[in-house]
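Architecture and fold: a report
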Amino acid sequence: MKKKLQIFLEAGLAAFLVLVLTFFNLISPLDYIAKDSLYQVPRGIDNQIKIIGIDEKTLTELGPIQTWSREIYANLIDKLNENPDAKPMLIGFDIQFSGEVDEGDALFAEKAKESGNVVCVDHLLYGRMPEIKNGVLYYPVEGVEEPYAALKENVKLGFCDVALDSDGTVRRMIPVETYDGRDYETFSRVLYGEYCRIQGIEEHEIPVDKSGRSIINYSGRPGDYECLSLVDVLDGKIDTRAFQDSIVLVGAYAHGMQDDFDVPTSGSKEMYGVEVHANILQSYIQNRFAINGNAIIFGIITALVAFALHIIFRKLKIWQSLLILIASIVLEVVICVTLNNNGYSYSIIYLPLVSALSFIYCIVMGYLMEKARKKKVLDAFRKYVAPQIVEELSKTGEFEINVGGENRDIAALFVDIRGFTTMSEALEPEEVVEILNEYLTLTTNAIFKNDGTLDKFVGDCTMAVFNSPFDLEDYEYKAVCAALDIVNDGKELQKKLMEKHGRTIGYGVGVNVGPAVVGNIGCDFRMDFTAIGDTVNTAARLEANAKAGQVLISDELYERLKDRIEVNGIGEIPLKGKSKGVYVYEVTGLK
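Residues numbered from 1 in each chain as written. Predicted model: local features only at pLDDT ≥ 70, side-chain atom pairs only at ≥ 80, totals over all residues. Heavy atoms only, no water.

Quick word on the overall build of the chain
Secondary structure summary: the chain contains 18 helices and 25 strands in total. Radius of gyration (C-alpha) of the chain: 47 Å, far over the 25 Å computed for a compact globule of 591 residues. For the C-alpha atoms alone, the extent of the chain along its principal axes is close to 140 × 50 × 40 Å. When the 591 residues of the chain are sorted by exposure, 48% land in the buried category. Excluding contacts between residues fewer than 6 apart, the proportion of contacts in the chain whose partners are at least 24 apart in sequence is 74%. For the chain, the computed accessible surface area is about 29,600 Å², with 54% contributed by carbon and sulfur atoms. Each charge class in the chain was averaged separately, 59 positive and 85 negative side chains, and the resulting centres sit 10 Å apart. (Helix = DSSP H or I, 4+ residues; strand = E, 2+ residues; numbered from the N terminus. Rg over C-alpha atoms; globule rule 2.2 N^0.38 Å. Buried < 20%, exposed > 50% of the residue type's maximum accessible area, 1.4 Å probe, protein only. Contact = heavy atoms within 4.5 Å. Areas by Shrake-Rupley, 256 points an atom, 1.4 Å probe, with all protein chains shown as cover. Lys, Arg positive; Asp, Glu negative; His and termini not counted. Charge placed at Lys NZ, Arg CZ, Asp CG, Glu CD.)

So, in structure tokens, the structure goes:
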């Protein structure tokens with residue numbers, strides 16, 4: 001129950017993070033990068049829109065634009081309209097014509113009137129102090145800079161200003177601004193209106209957010225729209241039939257004119273203002289604008305998904321969780337891109353970001369829990385196996401216990417207290433338990449000291465095996481060493497018991513070696529890892545025949561260690577359960 005509560009609290013925290021990050025867009029620079037990469041995929045430009053650029057070549061031949069007579073623009077209109085059957089549909093000048101310069105002003109205004117399809121720009125003057133409208137911060141319009149009077153009367157006007165995001169990138173546009181009781185339309189919107197009028201079609205109503213802005217879905221990258229040099233057109237190097245029924249935009253196409261911007265599709269190259277207007281115009285024609293969707297609703301939905309994903313990550317395996325994480329990210333991308341293409345833009349990074357952190361957290365928690373579980377298992381092993389074996393296991397982890405049993409050659413050791421029953425009848429139960437615990441501690445220490453495995457306690461009898469469940473070098477010799485340590489260390493305990501209780505005990509030890517079945521013995525609900533077989537039974541019989549302070553071994557064990565131990569031959573003795581007697585030796589020391 002406690003673990004389930006912890007998982008739900010973790011999932012709740014993940015959901016809360018997604019909700020807060022989405023609603024407040026707290027990592028907006030990263031969100032902009034993701035949106036630009038996924039939403040602003042160039043879809044191909046409309047060849048009906050063409051650009052005549054005031055490029056470096058034009059500036060080199062005609063000089064700085066500030067020194068030009070507006071007769072140049074009048075000549076451009078004449079050039080574009082020289083073939084009555086191949087005229088442009090619209091001519092848009094993304095150039096500010098404020099104030100009068102020379103006699104060319106009147107000529108340009110007259111040619112624009114004659115053409116009847118010219119759109120020019122005015123410039124909005126925004127205040128420096130922001131205000132709040134509908135809960136959104138914005139900068140109010142405090143004035144308008146319009147073209148000189150003669151031109152203003154003969155052309156359509158739209159403002160050329162673009163909206164910059166906090167990182168200086170042009171992602172949004174303001175279709176209509178209001179100043180002094182009058183609505184001013186953006187340059188591209190006016191061009192679109194004229195386009196619809198000429199084509200005889202109905203204008204699309206584009207979506208706007210609370211601040212009156214729409215998100216531009218760019219169609220191309222910088223340089224994608226066909227751009228022809230203004231001076232080449234004026235010099236007749238361009239066949240003007242190329243502009244037939246096109247929307248021609250004239251504007252700055254040189255860096256020195258300071259009319260270039262960062263846009264989502266620009267990469268390392270900036271986009272000229274006239275290209276930005278071309279992209280906006282194409283979005284108008286194709287009805288491809290978007291606005292920010294409801295962040296609260298989207299935040300709640302993604303928070304619930306993050307909640308569910310965290311619970312899934314905590315329950316499934318790593319590879320399964322990874323597949324689900326990838327699938328959820330791909331699904332969100334597909335959904336969000338589809339929504340953006342249908343007019344609603346949503347922050348796309350927060351669910352993947354928090355879910356990835358959640359996934360990593362679950363991996364770390366799984367690792368720590370597995371490490372704690374292994375430590376718990378190893379701590380349990382320490383009660384049965386020599387500490388040095390446990391340390392080796394914790395370092396390498398290279399061990400395997402075959403469920404169901406396996407045949408191994410082992411050394412089996414049994415030790416029992418002599419005179420324990422008589423002593424138990426004469427002492428209080430608490431004293432008997434105290435003595436038994438001291439005895440069991442002594443035998444266990446001796447077994448572990450020699451790398452043996454404590455198999456079980458049966459009353460006052462202790463069983464140990466060597467070379468099980470892990471391989472142990474020189475296990476026969478270590479089993480005999482453990483038996484001698486039990487006898488020798490028991491002398492101090494005998495002395496202590498005599499002084500304290502007026503009684504003493506002794507140990508009888510039996511050791512045998514040979515094949516045995518080692519493994520989990522029992523039933524489905526209760527199992528015991530132990531060793532069984534004739535080798536084990538013989539060791540128990542040897543222990544039963546051993547006197548206090550005596551270590552008895554079989555002839556098989558003696559043959560293996562005869563050059564390393566000192567013994568006294570006892571002779572052949574009958575053992576319970578065996579048809580033939582077994583030759584037995586008493587171990588008296590080590591060589």
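Section: the pairing of strand β19 (residues 453-458)
By the bridge criterion, 5 bridges tie β19 to strand β20 (residues 461-466) in an arrangement that is antiparallel. Looking at the pairing, T453 lines up with V465 of β20. (Pairing = 2+ DSSP bridges.)

Points about the packing of aromatic side chains
In this structure the tally under the stated criterion is 18 aromatic pairs. With a centroid separation of 5.1 Å and 25° between ring planes, the pair formed by Y192 and Y284 is classed as stacked. Of the two residues, Y192 is situated in helix α7 (residues 187-199) and Y284 in helix α9 (residues 273-286); the sequence distance between them amounts to 92 residues. Between the aromatic rings of Y253 and Y272, the centroid separation amounts to 4.6 Å while the plane-to-plane angle is 35°, which identifies the pairing as tilted. Highlighted residues: Y253 in the loop between β13 (247-252) and β14 (260-261) and Y272 in strand β15 (residues 271-272), separated in sequence by 19 residues. Side by side, Y253 and Y272 carry an identical accessibility label, which is buried. Pairwise contacts between aromatic rings join W68, Y73, F93, F97 and F108 into one cluster. The ring of Y32 is capped by R171, whose NZ or CZ atom sits 4.0 Å from the centre of that ring. (Phe/Tyr/Trp six-rings, centres within 6.5 Å; stacked < 30°, edge-to-face > 60°. Lys NZ or Arg CZ within 6 Å of the ring centre and 35° of its normal.)

Some points on the sheet that holds strand β16 (residues 289-292)
Working definition: the strands of a sheet are paired by backbone hydrogen bonds and lie parallel or antiparallel to each other. Spatially, the 4 strands line up as an open sheet ordered β8-β11-β16-β17, and their pairing is mixed. Taken across any chain shown, the strands that pair with only one partner, and hence form the sheet edges, are β8 (172-173) and β17 (344-345). Of the strand pairs in this sheet, β8 and strand β11 (residues 214-216) are connected by 2 bridges, and their pairing is antiparallel. Bridge pairing in β11 links M173 to S214. α9 contacts β8, β11 and β16 of the sheet and is inclined by roughly 95° relative to β16. (Axes fitted to C-alpha atoms, helices over the stretch in contact; angles between N-to-C directions.)

Description of the environment of V121
Within the secondary structure, V121 sits in strand β3 (residues 118-126). Counting along the chain gives 19 residues from V121 to D102, while the straight-line C-alpha distance between them is 20 Å. If near-sequence neighbours (up to four positions away) are discounted, V121 is found in contact with F93, D94, I95, Q96, P147, L157, G158, C160 and F187.

What to know about helix α1 (residues 2-24)
With 23 residues, α1 extends 33 Å between its outermost C-alpha atoms, agreeing within 8% with the 33 Å of an ideal straight helix rising 1.5 Å per residue. Buried residues of α1: I7, E10, A11, A14, A15, V18, L21 and T22, and no others. A positive phi of about 45° marks N25, the residue just after α1. (Expected span 1.5 Å × (residues − 1).)

Remarks on the environment of A482
Here A482 is to be found in helix α16 (residues 475-501). Spatially, the C-alpha atoms of A482 and F448 are 8.4 Å apart, while their sequence positions differ by 34 residues.

Here's the deal with a nonpolar patch on the surface
A cluster of nonpolar side chains, L30, I33, L353, L357, I360, V364, Y367 and L368, forms an exposed patch at the surface whose accessible area comes to about 740 Å². At 6 residues, helix α12 (residues 350-381) tops the list of elements feeding residues into the nonpolar patch. Of note, I33 is situated in helix α2 (residues 28-39). (Patch = residues over 30% accessible without salt bridge, like charges linked within 9 Å, V, L, I, M, F, W, Y side chains within 5 Å. Salt bridge = Lys/Arg side-chain N within 4 Å of Asp/Glu carboxyl O.)

Description of the nonpolar core
By size, the foremost hydrophobic cluster in this structure holds 45 residues, and its most contacted members are L413, F466, Y507, V509, V511, V551 and I553. Broken down by element, the residue count for this core peaks at 12 residues, all from α16. Setting aside anything within four residues of it in sequence, one finds V551 in contact with A483, L484, V487, V509, V511, Y585, E586 and V587. (Core = buried A, V, L, I, M, F, W, Y, C linked by side-chain atoms within 4.5 Å.)

Observations concerning helix α10 (residues 295-315)
Taking 1.5 Å as the rise per residue, α10 with 21 residues should run 30 Å; its terminal C-alpha atoms sit 30 Å apart, in good agreement. When we look at burial in α10, the residues that qualify are F298, G299, T302, A303, A306, L309, H310, I311, F313 and R314. If you check the start of α10, you find a side-chain oxygen 3.0 Å away from the backbone N of I296, and it comes from N294. (Polar contact = N/O pair within 3.5 Å; in protein donor to acceptor, adjacent residues only side chain to side chain.)

Concerning the side chain of Q550
Inspection of the secondary structure puts Q550 in strand β23 (residues 550-554). With a relative accessible area of 11%, Q550 lands in the buried category. Reaching out from Q550, the side chain makes a polar contact with the backbone nitrogen of K547 at a distance of 2.9 Å. Contact partners of Q550, with chain neighbours within four places excluded, come to Y507, G508, V509, N545, I570 and E586.

A word on the pattern of salt bridges
Summed over the entire model, instances satisfying the criterion amount to 31 salt bridges. Of the charged contacts in the structure, one is a salt bridge between K35 and D31, with a shortest N-O distance of 3.5 Å. Taken together, the residues span about one helical turn, with K35 and D31 both in helix α2 at a distance of 4 residues. Neither K35 nor D31 differs from the other in exposure class; each is buried. Across the pair R408 and D471 runs a salt bridge, and its minimum N-O distance is 2.4 Å. Of this pair, R408 sits in strand β18 (residues 406-418) while D471 sits in the loop between β20 and α16; the two residues are 63 residues apart in sequence, bridging distant segments of the chain. Owing to a relative accessible area of 12%, R408 belongs among the buried residues under this scheme. Within this structure, D36, D165, D167, R171 and R172 form a network of salt bridges that share partners.

What about the packing of α10 against helix α11 (residues 318-341)?
Closest axis-to-axis distance for the α10/α11 pair is 10 Å, and the angle between their directions is 165°. As far as their axial angle goes, α11 and α10 are roughly antiparallel. When the axes of α10 and α11 are compared, the crossing they make is right-handed. Listed contacts from α11 to F298, T302, L309, I312 and F313 of α10 are S321, I324, L325, S328, E332 and C336. Residue composition of the contact of α10 with α11, by class: 7 nonpolar, 3 polar and 1 charged. (Parallel < 35°, antiparallel > 145°, perpendicular 65-115°, else oblique. Left-handed = near helix turned anticlockwise from the far one by under 90°. Nonpolar A, V, L, I, M, F, W, Y, C, P; charged D, E, K, R; others polar.)

Section: unusual backbone geometry
Omega for the bond connecting S468 with P469 falls within 30 degrees of zero, at 0°, which places this linkage in the cis form. Not every positive phi belongs to a glycine, and D245 is a case in point at roughly 60°. Looking at where D245 falls in the secondary structure, it is placed in the loop between α8 (230-234) and β13. Positioned with a positive phi, D451 is a non-glycine residue whose angle comes to about 65°. Assessed through its relative accessible area of 14%, D451 is described here as buried.

In short, shape yes, function no, at least from these values alone.
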